[in-house]
Amino acid sequence: MSRVMPGTEARLGWIGESVRRVDGIPKTTGEFEYASDLQVAGMLWGHTLRSPYAHARVRAIDLSGALSVAGVHAVLTHSDVPGRKTYGLEFQDQPVLAIDRVRYFGEPVAIVAAEHPEQARRAAERIVVDYEPLVPIVDPERATESEPLHPDPESHVSDHYLRDPRPNVLRTMRIIHGDPDARGDVVVEGTYELGSQDQAFLGPESGLAVPDGKGGVDVYVATQWLHVDREQVAPCLGLPEEQVRIHLAGVGGAFGGREDLSIQIHAALLALHTSRPVKMVYNRQESFSGHVHRHPARIRAEHRATRDGRLVCVQMRILLDGGAYASSSTAVTANATSFACGPYAVPNALIETMSVFTNNPPCGAMRGFGAVQTCFAAEAQMDKLAQALEIDPVELRLLNALGTGDTLPTGQRITSSLPVAEVIRRCAALREPDPEELPRAAIRLPGGAGNTTRGEGVKRGVGFAVGFKNIAYSEGFDDSCAARVRLHEDGSAEVHCAAAEVGQGVTNVILQVARTELATDDVRIAPVTTAAVGSSGSASASRMTWMASGAVRDACRAALVEREARGGGEVDVERVYRHRRTAPLDPETGQVGELPAHVAFACAAMKVIAEVDVELGLTRVVWIGTAQDVGKAVNPQAVEGQIEGGTAQGLGLALMEEIQTRDGLITNASFTDYLIPTALDVPPIVSELVEHPEPDAPYGVKGVGEPPTVVSTAAIVAALRDATGRELARVPVRPDDIVGLQ
Amino acid sequence: MDVLTPRSLDEALRLRAAHPDALPIQGGTDLMVDLNFDRRRPEALLNLNEVAELKGWSRENGVVRLGAGLTYTDAMSAKLAALLPAFSEASRTVGSPQIRNRGTIGGNLGTASPAGDALPPLLISECEVELQSVRGERRLALESFLIGPKRNALAPDELILAVRVRGGLGTQTFMKVGPRNAMVIAVVSLALGVDRERGVLSAAFGSAAPVATLVTAALDDVDSFPEQVAAAASPIDDVRGTGAYRRHALRVLVARALERCLTR
Amino acid sequence: MKIELIVNGEQCEADVWEGESLLYALRERLGLYGSKNACEQGECGSCSVLLDGSLVCACLVLAAQAEGHEVVTVEGLADANGLHPVQEAFVETGAVQCGFCTPGLVVATTELLRQNPDPSDDEIREALSGNLCRCTGYTKIFDAVRLAAQRA
């Protein structure tokens, strides 16, 4: 047997090879340092006091009790924020610490630093906050009839958004395509609902802030985008950006939940105030308030088709609950709208989307980002249509499949690769396992370890779904990624790139590209920090492989050219890569102008076999087969890993995951009551990688992280519908829905 | 906070009498969550891990005596499974291997949660709880020991020593409903036994009333038993499930469990 | 309070707060950060260690309860010759993504294969059902377990 010494690097491959993760060994030995593992001499522990109300006025805060607790070094409120008092990804609408009002359950109100976390907790408990509870807005349908949560009407306006004067509108969007009144031979309607999903990354929010002794600060944190963190942190600290250095600490999963700030400003404030390093680690309960979630949605859809199954018109109204602050809701709104019709050629459409402010937990980025919600509705509609037309659901999808050269409802012509028909065919051709005989051991049946059936009440169903989404940033966002390559005299190379390794494997991608371009194995990756290289953009939107590949490729090639020109020696070159430009949609019609709104797309098809105990409403997904459009697989093993993991997250939303609230308060903020899939819940997943190089992308790559999550919720619920004959229009599907209790 | 760690039962009882505020801790699977999340800060903890007298199990005249320190993993042993099938099956549904290696039957009784997985199978096995203090020993039927949600009849100076159950009471099974296929707190659970010798049907359910509840009937009542058990429940709506579903599921579970036990 | 225990074969002493978990003590007192703090309520298995040879969640053991006992953490699995076969199999099969669940899974798998050297797929799933992974969908984790079993 081969033996690998801990700490040594296994050989890395070049582009297209399945290679071992560069961080694989330290992650299996426990040596890999995550943000929550950081420690430094003289370190204090930070703790956050959070609002117990979803909506309240803050009349006064008395810190005296807290300051007298032994071991406490600082207790800070909004008045201690030296710079800008608010921050945010798109709009600076979120207070660093509550000023005069709290708008969601768990909103930070004060922060404490102490010698031991227990002292910090006891001190926080002794802070007296005088709240005047206000009636929370919790029903998104009523938000526009309520008092505005953000009183300044100009605070959330952008040039390319449709103006909507109603209170609590975050963004409204409309696509008018062809003739929305066009009639078909057959019409199907439905109303769909999705609960709010949590990213539930396993490594809770954490980080360490270290004052540099010269007024600046170093923040080591688990994040998805170092430079945008700095852009938000520095102004709040009242510091120029050069004095704030953000360093990537080991990230225990992200899935969108680390796009917004968590501990960054708080830990930095405490560190600068105490002149001591300060570590902050959220516990699981706090983590549910520590990041934004997937938008809960209500969707009303109407699909019209000809008798032979061609889509004539799609109408959809989408309502997204953005919660208390904007976060990335506006972009989620755009995605939900853009992908509402699914990957189908639709000649006429009217899509109307609104996201609103409420006092529910804030929502923002999560894997799939708006496309998950509409895929669930659109694919249920396609199945209804297939049933009404008595056409095989796979055939119906093939008949309407979008492809290169077709036009999206936004008027954007697809010039890049989008092999929808091929993923459908290849997925449909995957051979599912034969039904297993009954009775059988309970562990292989719905209810699993609960021992509830040996076969009684169990029915089998097959589901099929197709989904797609954009790759990288859209709507005119200046999407770029920097990389810096240093070639040493000894022939070795060092790559700097701020791309966040969140578990997805981008570090390997960077190394594979550099090794391929430089034709050497001797490449190392430098620590990831704002101090050494320009922005990479976020590890999100299925963009990081594409963007980092482009940047590293360009920097490598430029470095080789420069070395050649100089005739050898040390070379240090930085390059910024940008993808094709995009532009916003017309605010009135949702149509593109000269430039496209999205740079590229990726699609996936999925087939699901599920068993349902129709009497108890319990489920077991038996098998999943999927074919995904991946462009070019840089590291096929890692691509499969993304597909399997993304599928499991969609399974969670389909069957069990929902943040529950009562009057805006989260009632299941724990892994005891917010359930994510276990080893007994996720079936074997067979994946086919469909490789058609993306013409504009480096090496033909596409992003692969999101399509499986977009499609799996829809595909799994389709299988449950097939087994039960019920409509199941809401996820997560509850046992009550399956057995018909309401 | 203090941690008291007695090395014998005598010492444990003396410490318990001297420190009635000290919270007994055995496997820690419930209590540690409260400590980790700052929900409880007791004056002291009475660590029972080192008390050998609480461990293991024995059998005498058809009565099985399960030490309070018996873990769920212990309970899954083949020997105990043969004597107390429902209890053994229930133990396999508790949490994960990690939880079953630490969680104890004494802890389940001490916490007295309406969702306690060990309680329904013990209830259908004529269970008595052995309690001891420096004042002496007493035995209580499990039904009398469980007095409310997360409340039991333990006196401030008493410790749970063991439970006594009757082994070999006909055929039995246990079922537990949860929203995923492993690692769940019961949305509703059921232990059911068919004792042909004495002509008795017994069912006990969890998570469908303020306490785990026993319902018995004559063997002839097979047809109406699912309805009888469901009628005895008073389930509520909470984050884990609805009352209506719990009652519905209970009916289904009883019918299936009867079928399972009667055809065995 | 002071506690003495054996960790990864070495006698250790730690000064702990009475309400502290073994997990906190291992991490913050003994500097063994391999056991992870993902949920601190026994639901995720990221802090799995062996306590006197028995697989437990370190977050649910009071540090004081470990006094006089023996603990093996993920740091104690690899030996001077290199990685433990289970660790190697995890790296090779792509069972690691963010890796936060990995130490717990490696410990749990080691214990599974000690008890059952040739587990069936169902046995693997049941044995690992207390170790949550959010990244991989478990598929490659099962591959890793099978590979390690095969090689043992």
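This one's a predicted model, so the numbers in the text were calculated from it and none came from an experiment.

### Details of the overall build of chain B
Across its full length, chain B holds 11 helices and 14 strands. Computed over the C-alpha atoms, the radius of gyration of chain B is 18 Å, within 12% of the 18 Å expected from 2.2 N^0.38 for a compact globule of 264 residues. Oriented by its inertia axes, the alpha-carbon framework of chain B measures out at about 55 × 45 × 30 Å. With 264 residues in all, chain B has 59% of them scored as buried. Intrachain contacts of chain B at a sequence separation of at least 6 include 58% that bridge at least 24 residues. Of the roughly 9800 Å² of accessible surface on chain B, a fraction of 49% belongs to carbon and sulfur atoms. Taking the average place of the 31 positive charges on the side chains of chain B and the average place of its 30 negative ones, the gap between the two points comes to 4 Å.

### Here's the deal with the domain arrangement of chain C
All names here are of chain C. When its domains are assigned, chain C resolves into domain 1 (2-75) and domain 2 (85-151). For domain 1 versus domain 2, the separation of C-alpha centres amounts to 21 Å. Taken together, the 15 residues of domain 1 in the interface contact 12 residues of domain 2. Of the roughly 1000 Å² buried between domain 1 and domain 2, counting both surfaces, carbon and sulfur atoms make up 64%. Scanning the region where domain 1 abuts domain 2 turns up zero salt bridges. Our count for the contact surface shared by domain 1 and domain 2 stands at three residue pairs in polar contact (both at pLDDT 80 or more). Ranked by the residues each element gives to the side of domain 1 that touches domain 2, the list is headed by strand β3 (residues 48-51), at three residues. For the side of domain 1 that touches domain 2, the residue count by class is six nonpolar, seven polar and two charged.

### Observations regarding the sheet that holds strand β21 (residues 523-525) of chain A
All names here are of chain A. Reading across the sheet, the four strands line up as β21-β20-β19-β22 and stay open at both edges, with mixed pairing between neighbours. Each end of this open sheet is capped by a strand with a single partner; those strands are β21 and β22 (571-578). Neighbouring strand axes in the sheet, compared pairwise and without regard to direction, differ in orientation by 20° on average. Sheet topology note: the strand β19 (residues 480-487)/β22 ladder contains eight bridges and is antiparallel. Directly across from Ala482, in β22, lies its bridge partner Val576. Docked against the sheet, helix α11 (residues 506-518) engages β19, β20 (493-497) and β21, running at close to 150° with respect to β21. Lying over the sheet, helix α12 (residues 544-566) contacts β19, β20 and β22, oriented at roughly 145° with respect to β22.

### Looking at the domain arrangement of chain B
By domain assignment, chain B separates into domain 1 (1-50) and domain 2 (171-262). Here the C-alpha centre of domain 2 of chain B lies 34 Å away from the C-alpha centre of domain 1 of chain B.

### Structural notes on the confidence of the model for chain C
Averaged over chain C, the pLDDT score is 97; the fraction of residues at 70 or greater is 100%. Per the prediction output, this complex has pTM 0.97; the corresponding ipTM is 0.98.

### Details of the nonpolar core
Counting residues in hydrophobic clusters, the biggest one holds 137 residues, and the most contacted among them are Met316(A), Ile351(A), Ile424(A) and Phe90(C). In terms of residues, this core owes the most to one element, helix α8 (residues 371-389) of chain A, which gives 11 residues. For Met316(A), the contacting residues outside a window of four places in its chain are Ile299(A), Arg300(A), Ala301(A), His303(A), Ala340(A), Leu350(A), Ile351(A), Glu352(A), Thr374(A), Ala377(A) and Ala378(A). Of all hydrophobic cores here, the second largest spans 88 residues; its members include Tyr87(A), Met547(A), Ala548(A) and Cys556(A).

### Structural notes on the interface of chain C and chain A
On the side of chain A, 67 residues touch chain C, which itself brings 57 residues to the contact. Both sides of the chain C and chain A interface together cover about 4900 Å² of buried area, and 56% of this is carbon and sulfur. Taken together, chain C and chain A are joined by eight salt bridges. Two residues, Glu640(A) and Lys140(C), come together in a salt bridge whose shortest N-O distance is 2.7 Å.

Each value, and the rule that gives it
- Residues numbered from 1 in each chain as written.
- Chains lettered and ligands numbered in written order.
- Predicted model: local features only at pLDDT ≥ 70, side-chain atom pairs only at ≥ 80, totals over all residues.
- Heavy atoms only, no water.
- Helix = DSSP H or I, 4+ residues; strand = E, 2+ residues; numbered from the N terminus.
- Rg over C-alpha atoms; globule rule 2.2 N^0.38 Å.
- Buried < 20%, exposed > 50% of the residue type's maximum accessible area, 1.4 Å probe, protein only.
- Contact = heavy atoms within 4.5 Å.
- Areas by Shrake-Rupley, 256 points an atom, 1.4 Å probe, with all protein chains shown as cover.
- Lys, Arg positive; Asp, Glu negative; His and termini not counted.
- Charge placed at Lys NZ, Arg CZ, Asp CG, Glu CD.
- Domains from an automatic or database assignment.
- Buried area = accessible area lost by both parts, 1.4 Å probe.
- Salt bridge = Lys/Arg side-chain N within 4 Å of Asp/Glu carboxyl O.
- Polar contact = N/O pair within 3.5 Å; in protein donor to acceptor, adjacent residues only side chain to side chain.
- Nonpolar A, V, L, I, M, F, W, Y, C, P; charged D, E, K, R; others polar.
- Pairing = 2+ DSSP bridges.
- Axes fitted to C-alpha atoms, helices over the stretch in contact; angles between N-to-C directions.
- pLDDT = per-residue confidence, 0-100.
- Core = buried A, V, L, I, M, F, W, Y, C linked by side-chain atoms within 4.5 Å.

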